[in-house]
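Secondary and tertiary structure notes
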Amino acid sequence: MMPPVFLHQLGLVCALGSGKREVARALFAATPSGVAPHEGYADRALHLGLITAPLEAQDALPPAWRSRNNALLLTALAEIRPAVDAAIARFGPERVAVVLGTSTSGIGESEGAIAAQLATGQLPATFHLNQQELGAPASALTHVLGLSGPAYVISTACSSSAKALASAARLLRAGTVDAVLTGGVDSLCRFTVAGFRALESVSEERCNPMSVHRHGINIGEAAALFLMTREPGPVRLSGWGESSDAHHISAPEPGGRGAIAAIREALTRAGIAPERVDYVNLHGTATEQNDAMESRAVHALLGPDVKASSTKPLTGHTLGAAGALEAAFAWLTLTDNPEGRLPAHFWDGAADPSLPALSLVKPGEALGRPVRTVLSNSFAFGGSNAALVLERA
């Protein structure tokens, strides 16, 4: 029998705030916050999940790794640093791994550098091309913590950090390491916003998942980090499923076959029946094709009565960080929550009649008992699908 793996400490920062307590207050609130209009990322103000909290200084990093992306990462790390340091002292730096997901890395720094070069003829002295290298987040944490174990980044667009958690669990189950610092990070940049606008997928108001009036996504940024070990902890990562339907470079397979395969694999690995799932954190991007595919998949596997919500109206779509951020929301739902509060699905309530009906969580809704099992979905370009099952230990 493979050993179970547990998610211990959680550090996070997103548009809802910095730290577990602040984020949890906003996550379970009766009114939405987080996403708001911001300028500077397009030719007009857009609703974005921008982080406005103060970020950690990057003095400990070489200039080649200094970026907003890594500042977000260090801010999440700061919340759990004592526990991470204790794990390193207990197991040794060679027995602690870093496995992260990202998609933007330091592209924002390259944008600023190119703008400066066009204006002055020179790149800024602070710019280094390695700032946007996809492996930079793992290199930064390895450097700051003095680690010598495996360290790598997975970049599969919006499934990146869900896959990072699955990869971290495999390292632990294989006995390769004794602890993994795992999660995801992505920072806002004009490049990402422009790309999704080119696909006509960006909403200029707060996104409206599952509504007949939805107009697309909000882009956001976040960092979420877990300390994962085989030692018993508050939340067990019981199952994960991954699939690749490769239907289209940007559109999901319409019938949800890839999503169904990932969810089914996650439930099977966790050894639980579909009716055991208390709550589903939907990928829920508020794009026409994703909402249709995901609602079909969830309805087919779990039925119409399981409680479900998309938290992207609160944080925006944080891309490579989304899987880890929404696993963090699952962690918050499973811990210190005796009444079983659930993250609300904030929308206009105008259900799309072409979609299978789901039991979307109303503001303030709770199970009336502790939540036992959460399913978290992440679906990406190219048909890269991932699903995680988290259980209260």
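These remarks concern the structure in this document.

So, how was this worked out
Residues numbered from 1 in each chain as written. Predicted model: local features only at pLDDT ≥ 70, side-chain atom pairs only at ≥ 80, totals over all residues. Heavy atoms only, no water. Helix = DSSP H or I, 4+ residues; strand = E, 2+ residues; numbered from the N terminus. Contact = heavy atoms within 4.5 Å. Salt bridge = Lys/Arg side-chain N within 4 Å of Asp/Glu carboxyl O. Buried < 20%, exposed > 50% of the residue type's maximum accessible area, 1.4 Å probe, protein only. Axes fitted to C-alpha atoms, helices over the stretch in contact; angles between N-to-C directions. Parallel < 35°, antiparallel > 145°, perpendicular 65-115°, else oblique. Left-handed = near helix turned anticlockwise from the far one by under 90°. Nonpolar A, V, L, I, M, F, W, Y, C, P; charged D, E, K, R; others polar. Core = buried A, V, L, I, M, F, W, Y, C linked by side-chain atoms within 4.5 Å. Polar contact = N/O pair within 3.5 Å; in protein donor to acceptor, adjacent residues only side chain to side chain.

The next thing to look at is the environment of V185. Among the secondary structure elements, V185 is positioned in strand β7 (residues 179-186). Sequence separation between V185 and A351 is 166 residues, and the spatial gap between their C-alpha atoms is 32 Å. Excluding its chain neighbours within four sequence positions, the residues that come into contact with V185 are N69, L72, L73, G101, T102, S103, P137, A222, A223 and A321.

Another aspect to go through is the pattern of salt bridges. The final tally for this structure, using the stated rule, is 21 salt bridges. Its salt-bridge partner being D85, residue R81 comes within 2.9 Å of it at the nearest N-O pair. Taken as a pair, R81 and D85 lie in helix α2 (residues 68-91) at a separation of four residues, close to a single helical turn. R230 is the partner of D178 in a salt bridge, and the nearest nitrogen-oxygen pair spans 2.5 Å. Here R230 lies in the loop between β8 (222-229) and β9 (235-244) and D178 lies in the loop between α5 (160-173) and β7, a separation of 52 residues in the sequence. Relative accessible area serves as the criterion here: at 16%, D178 is assigned to the buried category. Residue classification places R230 among the partly exposed residues on the basis of a relative accessible area of 28%. A single salt-bridge network, built from bridges that share partners, covers D43, R44, R197 and E204.

Moving on to the packing of helix α7 (residues 257-270) against helix α8 (residues 288-302). Between two packed helices, the angle of one axis relative to the other and the distance separating the axes together describe the packing. Look at α7 against α8: their axes get within 9 Å of each other, and the N-to-C directions meet at 40°. As summarised for this structure, α7 and α8 are arranged oblique, according to the angle between their axes. For the crossing formed where α7 meets α8, the hand is right-handed. From α7, A259, I260, I263, R264 and L267 reach across to α8, where they touch M293, A297, A300, L301 and L302. Here the contact of α7 with α8 is built from residues that sort into nine nonpolar, no polar and one charged.

Core analysis: the largest hydrophobic core is formed by 52 residues, its most contacted members being M228, L237, F329 and L390. For this core, the secondary structure elements donating two or more residues are β1 (6-14), α1 (20-27), β5 (96-101), α5, β8, β9, α10 (322-334) and β14 (384-392). In terms of residue count, α10 provides more of this core than any other element does, nine residues in total. Among residues more than four places away in sequence, those in contact with L390 are L7, V235, R236, L237, A327, A330, L334, R372, T373 and V374. Of all hydrophobic cores here, the second largest spans 28 residues; its members include A76, L100, A138 and L227.

Here we come to the environment of E339. Checked against the element boundaries, E339 lands in the loop between α10 and β12 (359-360). Distance in space between the C-alpha atoms of E339 and E365 is 9.8 Å, their sequence separation being 26 residues.

This next bit is on the packing of α1 against α10. The geometry of α1 relative to α10 is characterised by a closest axis approach of 11 Å and an angle of 85° between their N-to-C directions. Considering their axes alone, α1 and α10 lie roughly perpendicular with respect to each other. Contacts between α1 and α10 involve K20, V23, A24 and L27 from the first element and F329, W331 and L332 from the second. Along the lines of polarity and charge, the residues of the contact of α1 with α10 split into six nonpolar, no polar and one charged.

Turning to the side chain of S187, a few remarks are in order. For S187, the location among the structural elements is in the loop between β7 and α6 (190-198). For S187, a relative accessible area of 6% gives the class buried. Within the structure, S187 has its side chain in polar contact with the backbone oxygen of S105 (distance 3.4 Å).

Before going further, it helps to spend a moment on unusual backbone geometry. As a rule of thumb, non-glycine residues mostly have phi less than zero, and peptide bonds are mostly trans rather than cis. With phi around 45°, S105 is a residue other than glycine that occupies positive phi space. Within the secondary structure, S105 sits in the loop between β5 and α3 (107-120). In this structure, A157 is a non-glycine residue whose phi angle is positive, near 55°. Its location among the elements puts A157 in the loop between β6 (151-154) and α5.

Nothing here speaks to function; it is all geometry.
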